[in-house]
Amino acid sequence: MSLFDQYISGGNPFEIQSSMKEDETEDVLAANGYESDELEKSAYQEYDSDSDVPEELKRDYVDEQTGDAPSKSVSRETLRSRKRSDYSLNKMNAPILTNTTLNVIRLVGKYMQMMTILKPIAFDVIHCMSQLFDYYLYAVYTFFGRNDAYESTGLGLSSSRLRTTLNRIQESLIDLEVSGGKMLDLWHRPKKEKERKYRVHISAIWWFLTLTSSNTLYGLAQRVVATESLVFLAEQFESLQAHLDSVMPSAKKPFLQQFYSQTVSTASELRKPIYWIVAAKAIDYEQLLVLMANVKWDVKEIMSQHNVYVDALLKEFEQFNKKLSELSKHVRMPLPVSNILWEHCIRLANRTLVEGYANVKKCSNEGRALMQLDYQQFLMKLEKLTDIRPIPDKEFVETYIKAYYLTENDMERWIKEHREYSTKQLT
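Treat the numbers as computed from the prediction; the structure is a model and nothing was measured.

Student: I would appreciate a short explanation of unusual backbone geometry in the present structure.
Tutor: Note on backbone geometry: most residues besides glycine have negative phi, and most peptide bonds are trans. The omega torsion across Arg 389 and Pro 390 is -5°, close enough to zero to call that bond cis. Relative to the elements of secondary structure, Pro 390 occurs in the loop between α17 (365–385) and α18 (394–402). Non-glycine residue Tyr 218 carries a positive phi angle of around 60°. Mapping Tyr 218 onto the fold places it in the loop between α10 (204–211) and α11 (220–247). Judged by relative accessible area, which is 14%, Tyr 218 ranks as buried. Here the phi dihedral of Asp 393 falls at roughly 60°; this positive angle occurs in a residue that is not glycine. Tracing the backbone through its elements, the reader meets Asp 393 in the loop between α17 and α18.

In structure tokens, the structure reads:
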């Protein structure tokens, strides 16, 4: 009562309290609890109702002597403007999260409390936390990134470190045994181990409808949410490393260091194999090869007009760009995601072009010049669609076309030095 007695004659203790907490970054009222953006926007429309009021009348009170705003109150308009900026900020910079990630973070908070109270079992708790992260990482990879056909391309989609991490998790934590073509029970206890093993399961119907449909850009929205949420979780683990290290027994600290260097730091590397699957299907590379096979390359004169396969490929990229723009209206597309997607698509297109040029049976010097003309036209238009610089695998194509002009002795040495091309292409 002594607190409220001070304000019987006037003032508002809650308003002053909000002024004192200006530095706090979390705003409970700014939480997005609306079912759609339209409902969310309507909730904020009341703040825009005074748009016809002159700017002079909207300004907060400022002391003419000092130029300072009053310290003991925050005007209603200030709160309104703050709300508007919070809304804009949250829409632009809010992390992409799944409920699973939030639940894991909550569990980690409880585990850290347990370690503070029961320090002798700190290592056991951290070990279980690491298994939780391991399983999450492996599940995201299994659902969205595993594809043996694309992993065999030899383009280094999965780094050796990531492959080692996935193999280790699979051997120590994942139940892969099958019986009669079906998985065994959810978990079983191996004879020589005390650890339980788990299997990763997902609905086949959901998988087929979402991740195999071109209408959803092969589940890109789901892939983005799952992958970026995992990356966010890894970032939170990174921020906890110093604290976990402080409670870890000295003899066990190498385990923690290994967990961070071999698992937590590899989470962002999952982006490449996961988004590669979308890039490999989003553009019709097979149709490009068909169009290139119909081109007459043994021409007798220098051509001034590029071939139609270039326009067809550029049209595919324009449609891909349009789909990405549409998708970003529903799920925020972080810059690293769009960059990786574009890099993958361009890399695949360039390698398809080299394959198309390698399929040519008859070609004149003028035909080689036509190849260069086509590729320069492709690059010129592509650079208007994307900010990726330099263009991935640009040299891969240009070097291959120019190699046709080498003498026989130089060609032999060139073939020995350029093993990045397939045997068929070198032949």
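Student: What is the right way to look at the packing of helix α7 (residues 122–144) against helix α9 (residues 160–173) in this model?
Tutor: Working note: a packed helix pair is described by the angle between its axes plus the distance between those axes. Where α7 meets α9, the closest approach of the two axes is 10 Å, and the angle between their N-to-C directions is 115°. As judged from the angle between their axes, α7 and α9 are roughly perpendicular. Crossing hand, α7 versus α9: left-handed. Taking contact as the criterion, the partners of Gln 131, Asp 134, Tyr 135, Leu 137, Tyr 138 and Tyr 141 in α7 are, on α9, Leu 166, Arg 168, Ile 169, Gln 170 and Leu 173. Looking at the contact of α7 with α9 residue by residue, the classes come out as 7 nonpolar, 2 polar and 2 charged.

Student: Looking at this structure, I do not really get the side chain of Ser 130. What am I missing?
Tutor: Mapped onto the secondary structure, Ser 130 falls in helix α7. Residue classification places Ser 130 among the buried positions, given a relative accessible area of 3%. A polar side-chain atom of Ser 130 sits 2.5 Å from the main-chain carbonyl oxygen of His 127.

Student: Quick question: what am I supposed to make of a nonpolar patch on the surface here?
Tutor: Together, Met 114, Ile 117, Leu 118 and Ile 121 give the surface a local cluster of nonpolar side chains, amounting to about 360 Å² of exposed area. On the basis of relative accessible area, Ile 121 is assigned to the partly exposed category, the value being 33%.

Student: What's the story with the pattern of salt bridges in this structure? I'm lost.
Tutor: Close approach of charged atoms lets side chains of opposite charge pair. Counted under the stated rule, the structure contains 12 salt bridges. The closest approach of N and O atoms between Asp 245 and Lys 253, which form a salt bridge, is 3.7 Å. Overall, the relative accessible area of 25% leaves Asp 245 in the partly exposed class. Judged by relative accessible area, which is 24%, Lys 253 ranks as partly exposed. Between Lys 329 and Glu 326 there is a salt bridge; the shortest N-O distance is 3.3 Å. By sharing partners, the salt bridges in this structure join Glu 343, Arg 347, Arg 351 and Asp 393 into a single network.

Student: Is there a simple way to think about the packing of aromatic side chains in this case?
Tutor: Note on aromatic pairs: each is described by the distance of the centres and the angle between the planes. What the rule picks out here adds up to 17 aromatic pairs. Measuring from ring centre to ring centre gives 5.4 Å for Phe 123 and Phe 255, while their planes differ by 80°; the resulting arrangement is edge-to-face. Pair noted here: Phe 123 is in helix α7 and Phe 255 is in helix α12 (residues 253–262), with a separation of 132 residues, a long-range link. By way of ring pairs, the aromatic residues Phe 317, Phe 320, Trp 342, Tyr 375 and Phe 378 are connected into one cluster. It is Lys 252 that lies over the ring of Phe 123; its NZ or CZ is 4.6 Å from the centre. Geometry around Phe 396 places Arg 351 over its ring, the cationic atom sitting 4.3 Å from the centre.

Criteria and thresholds
Residues numbered from 1 in each chain as written. Predicted model: local features only at pLDDT ≥ 70, side-chain atom pairs only at ≥ 80, totals over all residues. Heavy atoms only, no water. Helix = DSSP H or I, 4+ residues; strand = E, 2+ residues; numbered from the N terminus. Buried < 20%, exposed > 50% of the residue type's maximum accessible area, 1.4 Å probe, protein only. Axes fitted to C-alpha atoms, helices over the stretch in contact; angles between N-to-C directions. Parallel < 35°, antiparallel > 145°, perpendicular 65-115°, else oblique. Left-handed = near helix turned anticlockwise from the far one by under 90°. Contact = heavy atoms within 4.5 Å. Nonpolar A, V, L, I, M, F, W, Y, C, P; charged D, E, K, R; others polar. Polar contact = N/O pair within 3.5 Å; in protein donor to acceptor, adjacent residues only side chain to side chain. Patch = residues over 30% accessible without salt bridge, like charges linked within 9 Å, V, L, I, M, F, W, Y side chains within 5 Å. Areas by Shrake-Rupley, 256 points an atom, 1.4 Å probe, with all protein chains shown as cover. Salt bridge = Lys/Arg side-chain N within 4 Å of Asp/Glu carboxyl O. Phe/Tyr/Trp six-rings, centres within 6.5 Å; stacked < 30°, edge-to-face > 60°. Lys NZ or Arg CZ within 6 Å of the ring centre and 35° of its normal.

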